[in-house]
Amino acid sequence: QVRLAESGGDSVQAGGSLKLSCVVSGITFNNRCMAWFRQAPGKEREWVAHIHTELGSTNYADSVKGRFSISTDNAKKTLYLQMYALKPEDTAVYYCARNQNNLPCSNTDFAYWGQGTQVTVSS
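Residues numbered from 1 in each chain as written. Predicted model: local features only at pLDDT ≥ 70, side-chain atom pairs only at ≥ 80, totals over all residues. Heavy atoms only, no water.

(A) View of the environment of C33. The residue C33 is located in strand β4 (residues 33–39) in this model. Separated by 32 residues in sequence, C33 and Q1 have C-alpha atoms that sit 20 Å apart. The contact partners of C33, leaving out residues within four places of it in the chain, are H50, I51, A97, R98, N99, C105, S106 and F110. (Helix = DSSP H or I, 4+ residues; strand = E, 2+ residues; numbered from the N terminus. Contact = heavy atoms within 4.5 Å.)

Encoded structure:
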């Protein structure tokens with residue numbers, strides 16, 4: 001019943017753009033912290049960005065700041081990640097996540113995860 005369904009991943013050339021989506025169902029979306037993470041083969045999972053769905057406040061990892069933009073459509077319970085100026089090092093599986101109940105919005109303590117969508121950036 002709980003679903004976080006990512007889509008939009010693709011193979012692109014360096015400098016290209018992609019927009020990822022995550023449709024959420026079965027859990028509360030409003031007044032929560034939603035985030036994007038990514039994981040490359042052989043690497044630890046890395047926090048990318050998060051957004052408070054009520055306040056609209058956002059935070060980004062230094063590696064993507066100025067290139068990525070996180071947003072929501074609360075009526076559709078959908079999370080987005082607009083990515084510009086993609087680099088080969090952005091290649092990873094991208095996951096959306098929602099934080100644990102009754103915790104402040106941060107880059108840790110996410111309780112619900114999607115299955116991921118593959119982003120591949122070639123040089």
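More follows now that the structure is in view.
(B) Summary view of the state of the cysteines. Following the criterion strictly, the structure yields 2 disulfides and no others. Here C22 connects covalently by a disulfide to C96, the sulfurs 1.9 Å from one another. Judged by the sign of its S-S torsion, about 40°, the cystine formed by C22 and C96 is right-handed. Separated by 74 residues along the polypeptide, C22 in strand β3 (residues 18–25) and C96 in strand β9 (residues 92–99) bring together distant segments of the chain. No difference in accessibility class separates C22 from C96, as the two residues are buried. Here C33 pairs with C105 through a disulfide, and the sulfurs are 2.0 Å apart. Looking along the S-S bond of the C33-C105 disulfide, the torsion reads about 60°, which is the right-handed sense. (Disulfide = S-S within 2.5 Å. Buried < 20%, exposed > 50% of the residue type's maximum accessible area, 1.4 Å probe, protein only.)

(C) Spotlight on the sheet that holds strand β8 (residues 78–83). With antiparallel pairing, the 4 strands of this open sheet are ordered in space as β1-β3-β8-β7. With partners counted over all chains shown, the strands left at the sheet margins are β1 (3–7) and β7 (68–73), one partner each. Within this sheet the neighbouring strands show an average axis-to-axis angle of 15°, counted without direction. (Pairing = 2+ DSSP bridges. Axes fitted to C-alpha atoms, helices over the stretch in contact; angles between N-to-C directions.)

(D) Focus on unusual backbone geometry. The backbone of N31 sits at a positive phi, close to 55°, despite the residue not being glycine. Of note, N31 is situated in the loop between β3 and β4. With phi around 70°, D109 is a residue other than glycine that occupies positive phi space.

(E) Main features of the pattern of salt bridges. The tally for this structure, following the rule as stated, stands at 4 salt bridges. Between R38 and E46 there is a salt bridge, and its shortest N-O distance comes to 2.8 Å. Relative accessible area serves as the criterion here: at 31%, E46 is assigned to the partly exposed category. Salt-bridge contacts for D90 lead to R38; the nearest nitrogen and oxygen are separated by 2.9 Å. With a gap of 52 residues between them, D90 in the loop between β8 and β9 and R38 in strand β4 connect regions that are remote in the sequence. Using a relative accessible area of 0% as the deciding quantity, one classes D90 as buried. In this structure R38 comes out as buried when scored by relative accessible area, which is 6%. Taken together, the shared-partner salt bridges connect R38, E46, R67 and D90 into one network. (Salt bridge = Lys/Arg side-chain N within 4 Å of Asp/Glu carboxyl O.)

(F) Highlighting the pairing of β3. For β1 and β3, the ladder comprises 5 bridges, and the chain directions are antiparallel. Across the sheet, the residue bridging to E6 is C22, located in β3. Pairing analysis gives 6 bridges linking β3 to β8, with the strands arranged antiparallel. Following the sheet pairing, V23 is matched in β8 by T78.

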